[in-house]
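The primary structure of each chain is shown beneath.
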Amino acid sequence: MTTDQESSMSVTETGATIWLTGLPSAGKTTIAYELAGRLRTEGHKVEVLDGDEIREFLSAGLGFSREDRHTNVARIGFVAELLAANGVKVLVPVIAPFADSREAVRKRHAAESTGYLEVHVATPVEVCSVRDVKGLYAKQAAGEISGLTGVDDPYEAPESPDLRIESHQQTVQESAAALHALLTERGLA
């Protein structure tokens, strides 16, 4: 093994899970991908665990009952912790509407001594319904669907997140920069 190989192998990346919670169309995924690009440019290992992709591949068959939502969040939290424990910055733009589910993920990370940050993308429902990226608010208003988080299904906003982003008052780049600043402050970027 050469000296260059030895020195590159001795560098260990500090992983962490960064959970972005908020209403549908709040901007969670957009901010996560913006930050992921920046972190990758800086040389970090990064994964984005997108809620829609997780539901398709890891949590297929789960519905939207409280129990199924909890199971979905627990599964995502498990995968995120495994990746983070192995030096990956894991960005999780997933609604996770119940505080107890998010707290269970936080406790799992703490038990494994793995970094965990909770970020509340605090976009008002009025703004989210105008953005309506997936057409969910329009479908709910038309009576085509029910159980829309924050409208006719509960969303428990974090009381004291590590960061609260008011995405409706700043650009995506500014939101990602605020989150990057937090990671830098915590020694994770």
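Small disclaimer: the values here were computed from a predicted structure and weren't measured.

1. With respect to the pairing of strand β3 (residues 89–93)
Here's step 1: Buried residues dominate β3, accounting for five of its five residues.
Here's step 2: Every second residue of β3 is oriented toward a common face, with K89, L91 and P93 on one face and V90 and V92 on the other, all of them buried.
Here's step 3: Where strand β1 (residues 16–21) lies against β3, five bridges are found, and the strand directions are parallel. Pairing of T17 across the sheet is with V90, part of β3.
Here's step 4: Two elements, strand β2 (residues 46–48) and β3, share three bridges in a ladder whose sense is parallel. Each residue of the ladder has a partner; that of E47, found in β3, is V90.

2. Concerning the environment of G115
Here's step 1: Considering the arrangement of structural elements, one finds G115 in strand β4 (residues 115–121).
Here's step 2: What makes G115 partly exposed here is its relative accessible area of 27%.
Here's step 3: For the pair G115 and A84, spaced 31 residues apart in sequence, the C-alpha to C-alpha distance is 7.4 Å.
Here's step 4: Once residues within four sequence positions are removed from consideration, G115 is found in contact with G15, A16, T17 and H109.

3. Section: the nonpolar core
The tendency in soluble globular proteins is for nonpolar side chains to be buried as a group.
Here's step 1: Membership of the largest hydrophobic core comes to 27 residues, with the highest contact counts inside it found for I18, L20, L35, L91, V119, L179 and L183.
Here's step 2: In terms of residue count, the dominant contributor to this core is helix α2 (residues 28–41) (five residues).
Here's step 3: Setting aside anything within four residues of it in sequence, one finds L91 in contact with I18, A32, L35, A36, V46, E47, V48 and L49.
Here's step 4: One finds I76, V88, V92 and Y116 within the second-largest nonpolar core, a separate group that totals 14 residues.

4. Things to note about unusual backbone geometry
Here's step 1: Phi at A96 takes a positive value of approximately 45°, unusual for a residue other than glycine.
Here's step 2: With respect to the helices and strands, A96 occurs in the loop between β3 and α5 (99–111).
Here's step 3: Among the residues examined, A96 registers a relative accessible area of 3% and is labelled buried.
Here's step 4: One non-glycine residue, S113, adopts positive backbone phi at about 55°.
Here's step 5: Turning to its location among the elements, S113 is positioned in the loop between α5 and β4.
Here's step 6: Residue S113 is classed as exposed on the basis of its relative accessible area of 71%.

5. Things to note about the packing of helix α4 (residues 66–85) against α5
Here's step 1: As a packed pair, α4 and α5 sit with axes 9 Å apart at the nearest point and diverge in direction by 25°. As judged from the angle between their axes, α4 and α5 are roughly parallel. You can see that α4 and α5 cross each other, and the crossing is right-handed. Residues R66, H70, V73, G77, F78, A80 and E81 of α4 pack against D100, S101, A104, V105, R108 and H109 of α5.

What counts and what doesn't
- Residues numbered from 1 in each chain as written.
- Predicted model: local features only at pLDDT ≥ 70, side-chain atom pairs only at ≥ 80, totals over all residues.
- Heavy atoms only, no water.
- Buried < 20%, exposed > 50% of the residue type's maximum accessible area, 1.4 Å probe, protein only.
- Helix = DSSP H or I, 4+ residues; strand = E, 2+ residues; numbered from the N terminus.
- Pairing = 2+ DSSP bridges.
- Contact = heavy atoms within 4.5 Å.
- Core = buried A, V, L, I, M, F, W, Y, C linked by side-chain atoms within 4.5 Å.
- Axes fitted to C-alpha atoms, helices over the stretch in contact; angles between N-to-C directions.
- Parallel < 35°, antiparallel > 145°, perpendicular 65-115°, else oblique.
- Left-handed = near helix turned anticlockwise from the far one by under 90°.

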